[in-house]
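So you can see what is in the structure, the chains are spelled out below.
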Amino acid sequence: MAVTIIVGAQWGDEGKGKVVDLLSEETDIVARYQGGANAGHTVVIGKKEYVLHLIPSGIFHKHVTCVIGNGVVIDPVALMDEIAMVKSFGIKIDGRLFLSHNAHLIMPYHKLLDSIREQGVNKIGTTGRGIGPAYIDKYTRTGIRVVDLLDRTVLRNKLRTNIEEKNQLLRQMYGSKEMDVDAIIAEYEAFDKKIDPFITDTSLYLSEAIRKKKAILAEGAQGALLDIDHGTYPYVTSSNPTSGGACTGLGIPPTAIRNVIGIVKAYSTRVGNGPFPTELNNETGERLRTIGGEFGATTGRPRRCGWLDMVSLRYSIRINGIDSIALTKMDVLDHFEEIPVCVGYRRKGKKLAAFPTDVRALEEIEPIYKTYRGWKEPIKEARSFRQLPAAARAYVKAIEELSGVRISIVSVGPRRDQTIIR
Ligand code: IMP
């Protein structure tokens with residue numbers, strides 16, 4: 001039993017990249033299990049910042065093998081760009097990166113449909129990376145998988161059928177320009193040549209690794225509250241970032257999971273539309289955004305900011321089975337006199353017992369806050385829990401008490417060394 005799942009416990013952007021990179025030191029394999037290039041995992045090494053969208057955040061450790069599992073939707077253009085970026089830093093990729101033969105491919109028409117749909121009435125605020133439309137094709141069973149690249153005839157036939165169908169949709173529903181079938185076929189055939197050495201039965205590879213008791217990190221993207229089943233539907237992504245998604249998204253059994261680490265930002269952020277009970281539409285929210293550098297790593301969009309929400313966190317802990325927490329971006333709170341934490345929800349004057357996932361209910365929530373004292377001093381240099389100011393230690397302990405889960409890692413800055421392990 002060797003698998004640890006790293007899951008975003010809020011709305012994504014919790015700092016999973018840093019934690020995965022850190023834990024990779026003692027890991028053999030890092031495997032991404034869902035989402036696609038909508039993710040932006042930032043890793044800071046020394047003075048350099050790297051943003052990964054598809055390649056697992058373990059790639060910066062030479063001894064780590066990286067896997068992109070069957071649950072991921074792969075944009076070949078984004079993947080090739082990212083491979084080139086990683087290689088340009090002198091990092092060897094060959095023999096260290098494997099793509100599942102069962103993963104679905106994102107096609108140009110998926111990105112086009114994603115952006116056209118966002119111009120309609122039901123705006124989700126997607127990243128425009130074609131994620132939803134690619135998963136639609138997966139579930140309507142017309143999707144094109146990595147394995148299809150291996151057989152030119154199959155690839156051509158499937159692409160032709162799909163593009164003709166999408167052209168009809170574009171013409172009839174959206175009055176948009178049609179796509180050139182032959183150009184897309186040529187593009188994907190060229191991609192096939194480059195991607196061939198990376199394609200593997202990753203489920204089989206991982207099951208061998210589990211048998212050999214290798215240490216495996218399953219890296220989730222986005223966050224639990226964006227989960228298609230358990231998030232704030234319809235304002236969610238189209239996959240399962242929750243821990244259950246790791247088994248289906250990698251083809252590994254639940255019995256192989258040893259523990260689940262929830263990544264929790266010391267406050268809350270959300271990108272895109274949808275309810276956000278502790279959102280601060282004021283100067284304080286603006287300060288959190290500026291100090292925390294809260295702008296999307298993929299789209300550059302300003303993130304919505306607010307205080308930590310224990311009601312949604314307790315829900316996230318429950319559905320993910322989180323057994324320890326990595327608390328990130330704690331240093332962003334250095335500047336605040338007081339730090340409110342949402343400890344309960346009230347709706348129409350009544351206290352709620354649990355997190356409602358119904359959007360209408362969530363939009364009517366009145367958060368109940370408990371206010372903690374700020375520490376008002378820099379904590380970036382703290383390397384042990386004892387070195388934190390008393391008020392910062394009290395904040396960490398309060399979150400532990402309110403969540404019932406131990407905080408095993410506290411991140412006090414973006415760099416690897418700016419971390420407290422407890
Ligand atoms: P999609 O995943 O691009 O379809 O977008 C659906 C929703 O998930 C939108 O609100 C996005 O802003 C959000 N989202 C997708 N990926 C991320 C991420 O990596 N971090 C935070 N939010 C994300």
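Owing to the predicted nature of the structure, the values given are computational and were not obtained by experimental measurement.

1. Remarks on the layout of surface pockets
Okay, step 1: The volume enclosed by the second largest pocket comes to roughly 220 Å³.
Okay, step 2: Lining the second largest pocket are 13 residues, and of these Thr4, Leu23, Leu217, Arg258 and Ile261 sit closest to its centre.
Okay, step 3: At the level of elements, β10 (216-219) and β11 (257-265) are the ones that each hand at least two residues to the lining of the second largest pocket.
Okay, step 4: For the lining of the second largest pocket, the element with the most residues is β11, which contributes 3 residues.

2. Structural notes on the nonpolar core
Okay, step 1: If you look at the biggest cluster of nonpolar residues, it comprises 57 residues, and the most contacted ones within it are Val3, Ile5, Leu288, Met330, Leu333, Trp375 and Tyr395.
Okay, step 2: Of the residues forming this core, the biggest block, 6 residues, is contributed by helix α12 (residues 390-403).
Okay, step 3: When residues of this core are sorted by domain, at least three fall in each of domain 1 (3-100 + 199-261) and domain 3 (263-421).
Okay, step 4: Setting aside anything within four residues of it in sequence, one finds Ile5 in contact with Tyr33, Ala218, Ser243, Ala246, Ile257, Asn259, Val260 and Ile261.
Okay, step 5: Counting 53 residues, the second largest nonpolar core, distinct from the first, contains Ile59, Cys66, Tyr109 and Met179.

3. Points about the site of the ligand
Okay, step 1: Within the structure, the ligand sits among 15 residues, and Asp13, Asn38, Thr127, Thr237 and Arg301 are positioned closest to it.
Okay, step 2: The side chain of Thr127 places a nitrogen or oxygen atom 2.6 Å from an oxygen atom of the ligand.
Okay, step 3: Within the contact set of the ligand, an oxygen atom lies 3.0 Å away from a backbone nitrogen or oxygen of Val271.
Okay, step 4: Protein contact buries 97% of the 470 Å² of open area that the ligand shows by itself.
Okay, step 5: Of the residues in the shell around the ligand, the class split is 6 nonpolar, 7 polar and 2 charged.

Criteria and cut-off values
Residues numbered from 1 in each chain as written. Predicted model: local features only at pLDDT ≥ 70, side-chain atom pairs only at ≥ 80, totals over all residues. Heavy atoms only, no water. 1 Å grid on protein atoms, 1.4 Å probe; cavity = no way out; pocket = protein on both sides within 12 Å on 5 of 7 lines; lining within 4 Å. Points joined across faces, edges and corners; volume = space filled by probe spheres on them. Helix = DSSP H or I, 4+ residues; strand = E, 2+ residues; numbered from the N terminus. Core = buried A, V, L, I, M, F, W, Y, C linked by side-chain atoms within 4.5 Å. Buried < 20%, exposed > 50% of the residue type's maximum accessible area, 1.4 Å probe, protein only. Domains from an automatic or database assignment. Contact = heavy atoms within 4.5 Å. Near = heavy atom within 4 Å. Polar contact = N/O pair within 3.5 Å; in protein donor to acceptor, adjacent residues only side chain to side chain. Areas by Shrake-Rupley, 256 points an atom, 1.4 Å probe, with all protein chains shown as cover. Nonpolar A, V, L, I, M, F, W, Y, C, P; charged D, E, K, R; others polar.

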